[in-house]
Amino acid sequence: GEPTIKASYAGDESHTGATATTTVDFTTSVTTLACAPESLLAGTSSSCTATVTDVATSGASEPTGTVSFTSTNSAGTFSEASCTLTPNGDGTSSSCAPVSYSQSETGTPELSASFAGGGAFAASKGHTTLTFTQRTTAVSVSCAPSPSAVNRSTSCTAIVSDNSEGTAVVPTGTVSFVSSDIEGSFENGSCTLVSEGNGTSSSCAVNYTQPDLGEPTIKASYAGDASHTGATATTTVDFTTSTTTLV
């Protein structure tokens with residue numbers, strides 16, 4: 001806009017008061033924020049570029065100054081919190097070098113690029129929305145010892161691994177266990193995952209016993225978390241020997 005600035009002199013013992021006005025041309029600017037890709041896996045990053053354009057009908061020029069970035073997801077991170085505009089050479093617009101944005105959970109954050117204004121340019125803001133989808137997992141389960149004697153426990157361990165592209169996010173949450181033998185029993189029907197420290201996988205274990213001979217199928221089911229889809233895996237345990245107790 002072009003606000004009118006008025007200066008008023010109140011006068012003194014020797015002078016009367018007086019006023020004067022002038023106008024300041026704050027050229028309108030438009031800020032846009034473009035990110036690619038717009039749909040991506042949790043834990044991966046999108047490259048975002050902010051562009052500020054002078055939309056004056058005449059006498060346009062390339063804006064200068066800084067642009068700052070924010071997200072509606074407080075857990076998301078930008079590679080840089082702000083950037084400095086560089087003229088595009090077209091006489092009307094300037095852009096920042098791309099910054100990356102990532103978050104480790106699913107969701108649809110709205111990203112904002114805020115041009116602070118400066119010189120003859122008014123401030124402006126641009127927005128875009130990204131979609132972060134769940135990462136996939138792989139589950140493995142094994143029980144030891146196997147073979148095992150009836151009425152003796154075997155320890156069944158489930159390992160859940162992030163197998164999606166990009167920087168892995170360690171799976172969290174719980175794994176539940178069931179047996180195909182209705183006579184068998186678990187000390188606990190589920191367990192809570194603990195990171196294995198490799199940045200990719202986590203694991204937990206439960207004890208299983210059964211009173212009869214056989215080879216039951218043990219199924220481990222991962223429920224998923226905010227970043228990952230669920231998955232399942234199976235194994236068998238060989239209960240082929242019995243024990244005799246002499247009293």
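Residues numbered from 1 in each chain as written. Predicted model: local features only at pLDDT ≥ 70, side-chain atom pairs only at ≥ 80, totals over all residues. Heavy atoms only, no water.

Draft legend 1. Spotlight on the overall build of the protein chain. Helix and strand counts for the protein chain come out as zero helices and 25 strands. For the protein chain, whose C-alpha radius of gyration is 32 Å, the value lies well above the compact-globule estimate of 18 Å for 247 residues. Considered along the principal axes of its C-alpha atoms, the protein chain spans approximately 125 × 45 × 25 Å. For the protein chain, the proportion of its 247 residues judged to be buried stands at 36%. By sequence separation, contacts in the protein chain at least 24 residues apart represent 60% of the contacts at least 6 residues apart. Within the structure as shown, the protein chain displays about 12800 Å² of accessible surface, and the carbon and sulfur contribution to it stands at 50%. (Helix = DSSP H or I, 4+ residues; strand = E, 2+ residues; numbered from the N terminus. Rg over C-alpha atoms; globule rule 2.2 N^0.38 Å. Buried < 20%, exposed > 50% of the residue type's maximum accessible area, 1.4 Å probe, protein only. Contact = heavy atoms within 4.5 Å. Areas by Shrake-Rupley, 256 points an atom, 1.4 Å probe, with all protein chains shown as cover.)

Draft legend 2. Region of the structure containing the packing of aromatic side chains. Using the criterion set out here, one finds six aromatic pairs in the structure. Centroid distance F177 to F186: 6.0 Å. Interplanar angle 40°. Geometry classified as tilted. For F177, a relative accessible area of 5% gives the class buried. A centroid spacing of 5.9 Å and a plane angle of 65° characterise the contact between Y208 and F239, whose relative ring orientation is edge-to-face. Remark: F239 occurs in strand β25 (residues 239-241) and Y208 occurs in strand β22 (residues 201-209); sequence separation between them is 31 residues. By the burial criterion, Y208 is buried, and F239 matches it. Ring pairs connect the aromatic residues F69, F78, Y101 and F132, which therefore count as one cluster. (Phe/Tyr/Trp six-rings, centres within 6.5 Å; stacked < 30°, edge-to-face > 60°.)

Draft legend 3. Structural context of the sheet that holds strand β24 (residues 231-236). Here four strands make up an open sheet; going across it, the order is β20-β18-β23-β24 and the pairing antiparallel. A strand with exactly one partner marks an edge of an open sheet, and here the two such strands are β20 (190-192) and β24. The average undirected angle you get between the axes of adjacent strands in this sheet is 20°. Bridge analysis of strand β18 (residues 174-179) against strand β23 (residues 217-222) gives five bridges, and the strand direction is antiparallel. Bridge assignment links S179 to a residue of β23, and that residue is I218. (Pairing = 2+ DSSP bridges. Axes fitted to C-alpha atoms, helices over the stretch in contact; angles between N-to-C directions.)

Draft legend 4. Local environment of the sheet that holds strand β13 (residues 124-129). Strand order in the open sheet formed by four strands is β8-β6-β12-β13, and the pairing between neighbours is antiparallel. Two strands lie at the open edges of the sheet, namely β8 (82-84) and β13, each paired on one side alone. Strand after strand, the sheet turns through a mean of 20° between neighbouring axes, direction not considered. Note: strand β12 (residues 110-115) against β13, six bridges, orientation antiparallel. Bridge pairing in β13 places L111 opposite T128.

Draft legend 5. Representation of the side chain of T235 within the structure. Among the secondary structure elements, T235 is positioned in strand β24. Note on T235: relative accessible area 17%, which makes it buried. Sequence-distant contacts of T235, defined by excluding residues within four places in its chain, comprise V141, S142, C143, P216, T217 and I218.

Draft legend 6. Just the side chain of S201, in detail. Tracing the backbone through its elements, the reader meets S201 in strand β22. Under the relative-accessibility criterion, S201 is labelled buried at 4%. At 3.0 Å, the side chain of S201 forms a polar contact with the side chain of E196. Separated by 2.9 Å, the side chains of S201 and N198 make a polar contact. Aside from chain neighbours lying at most four places away, what touches S201 is I159, V160, S161, V170, P171, S195 and E196. (Polar contact = N/O pair within 3.5 Å; in protein donor to acceptor, adjacent residues only side chain to side chain.)

Draft legend 7. Geometry of the state of the cysteines. Applying the stated criterion to the full structure yields four disulfides. Disulfide pairing places C83 opposite C96 at an S-S distance of 2.0 Å. Torsion about the S-S bond of the C83 and C96 cystine: about 80°, corresponding to right-handed handedness. Pair noted here: C83 is in strand β8 and C96 is in the loop between β10 (93-95) and β11 (99-102), with a separation of 13 residues, a long-range link. Its relative accessible area of 11% is what places C83 among the buried residues. The exposure class assigned to C96 is buried, which follows from its relative accessible area of 5%. (Disulfide = S-S within 2.5 Å.)

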